Amino acid sequence: MEAPASTTLVVVGDEATNAIHALERFANVRAATLPDASDADVARWSAAGAAPYVVHDHDPLSHVAAAWVEFFDDLSTYGVLELEIARALEAAGRHDLTVPDYYVVIHPETLPVTWKHWWLGVLASASPSRVIPWPAADASLAQLLRRLPAARAWPEVDAWLPGVAAAVPDRVGLG
């Protein structure tokens, strides 16, 4: 879905908008906040540019993330979580869902606990070098682009997403 020559980063956290706007001035970065865009809109927007880096705030797994957090915060049911995982798997099977190359989590220490477990536990356990905690939402994010960690690509979504339902906060990664 994304432009194949681009490295895609999804920026998350309370200051994601500031971080993305700080990158807009760089010629090698296509950056925008896309909070209400559909997956298809984001794919078209991403593919329309030829920049080496595509940076935005549209998380294709946001529904799964929200369902996981709500389940463990006792705000939703396990059935809702299973449904969101199934929908994401179907979308990935149709090639309508593509996980970005990297997630950048701005100020992870300020996130609510369950969200912190999602980003730095559940999601990072699928590909540890592809989820990057970042301490600032300013232009320093440009420094990250210069030194992104080399890592294997994300495993196929169907290899790890079904296990998300069994990933328990404070227990993720403990075996």
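Look up a bit, the structure's there.
Residues numbered from 1 in each chain as written. Predicted model: local features only at pLDDT ≥ 70, side-chain atom pairs only at ≥ 80, totals over all residues. Heavy atoms only, no water.

Draft legend 1. How the structure looks around the pattern of salt bridges. Here the structure, examined in full by the defined rule, presents three salt bridges. As a salt-bridge pair, arginine 44 and aspartate 41 come within 2.5 Å of each other at their nearest N and O atoms. On the criterion of helical spacing, the pair formed by arginine 44 and aspartate 41 is a turn pair, its members being three residues apart in helix α2 (residues 39-48). Taking relative accessible area as the criterion, arginine 44 reaches 54% and is therefore assigned exposed. We classify aspartate 41 as partly exposed; its relative accessible area is 37%. A salt bridge links arginine 87 to glutamate 84, with the shortest nitrogen-to-oxygen separation between them at 3.5 Å. Within this pair, arginine 87 and its partner glutamate 84 are both found in helix α4 (residues 78-93), separated by three residues, close to a single helical turn. Judged by its relative accessible area of 46%, arginine 87 falls in the partly exposed class. The class for glutamate 84 is buried, based on a relative accessible area of 14%. (Salt bridge = Lys/Arg side-chain N within 4 Å of Asp/Glu carboxyl O. Helix = DSSP H or I, 4+ residues; strand = E, 2+ residues; numbered from the N terminus. Buried < 20%, exposed > 50% of the residue type's maximum accessible area, 1.4 Å probe, protein only.)

Draft legend 2. Expanded view of the sheet that holds strand β3 (residues 53-56). Judged by pairing direction, the sheet is parallel, and its five strands sit side by side in the order β2-β3-β1-β4-β5 without closing on themselves. One side of each edge strand has no neighbouring strand; the edge strands of this open sheet are β2 (29-32) and β5 (131-134). With strand direction ignored, the average angle separating the axes of adjacent strands in the sheet is 20 degrees. Relative to β3, strand β1 (residues 7-12) runs parallel, the two being bridged by four bridges. Counted as the bridge partner of valine 10 is histidine 56 from β3. Most of the contacts of α2 go to β3, to which it runs at about 145 degrees, and overall it touches β2 and β3. (Pairing = 2+ DSSP bridges. Axes fitted to C-alpha atoms, helices over the stretch in contact; angles between N-to-C directions. Contact = heavy atoms within 4.5 Å.)

Draft legend 3. Layout of helix α3 (residues 62-72). If you check which residues of α3 are buried, you get Val64, Ala65, Ala67, Trp68 and Val69. Residues of α3 that are buried make contact with α4 and α5 (113-126). Of the residues trailing α3, aspartate 74 is marked for its positive phi of about 60 degrees.

Draft legend 4. Highlighting the packing of aromatic side chains. Across all of its chains, the model carries eight aromatic pairs by this definition. Relative to tryptophan 118, the ring of tryptophan 68 lies with its centre 5.7 Å away and its plane at 50 degrees, an arrangement referred to as tilted. Residue tryptophan 68 is found in helix α3, and its partner tryptophan 118 is found in helix α5; the two are separated by 50 residues along the sequence. A cation over a ring is seen here: arginine 130 above tyrosine 102, with NZ or CZ 4.6 Å from the ring centre. (Phe/Tyr/Trp six-rings, centres within 6.5 Å; stacked < 30°, edge-to-face > 60°. Lys NZ or Arg CZ within 6 Å of the ring centre and 35° of its normal.)

Draft legend 5. Region of the structure containing the layout of surface pockets. If you add up the space inside the second largest pocket, you get close to 340 Å³. Taken together, 16 residues form the lining of the second largest pocket, with Val12, Gly13, Asp57, Asp59 and Trp119 sitting closest to its centre. Elements represented by at least two residues in the lining of the second largest pocket include exactly β1, α3 and α5. Tallied by class, the residues present in the lining of the second largest pocket amount to 10 nonpolar, three polar and three charged. (1 Å grid on protein atoms, 1.4 Å probe; cavity = no way out; pocket = protein on both sides within 12 Å on 5 of 7 lines; lining within 4 Å. Points joined across faces, edges and corners; volume = space filled by probe spheres on them. Nonpolar A, V, L, I, M, F, W, Y, C, P; charged D, E, K, R; others polar.)

Draft legend 6. Region of interest: the nonpolar core. Leu61, Tyr103, Trp118, Leu123, Trp160, Leu161 and Val164 are the most contacted members of the largest nonpolar core, which has 32 residues in total. Of all elements in the fold, only β1, α3, α4, β4 (102-106), α5 and α7 (157-160) reach the threshold of two or more residues within this core. In terms of residue count, α5 provides more of this core than any other element does, six residues in total. Non-local contacts of leucine 123, meaning those with residues more than four positions away in its chain, are made with Leu61, Tyr103, Trp118, Val131, Trp154 and Trp160. Listed in part, the 20 residues of the second largest apolar core include Leu9, Trp134, Ala142 and Leu148. (Core = buried A, V, L, I, M, F, W, Y, C linked by side-chain atoms within 4.5 Å.)

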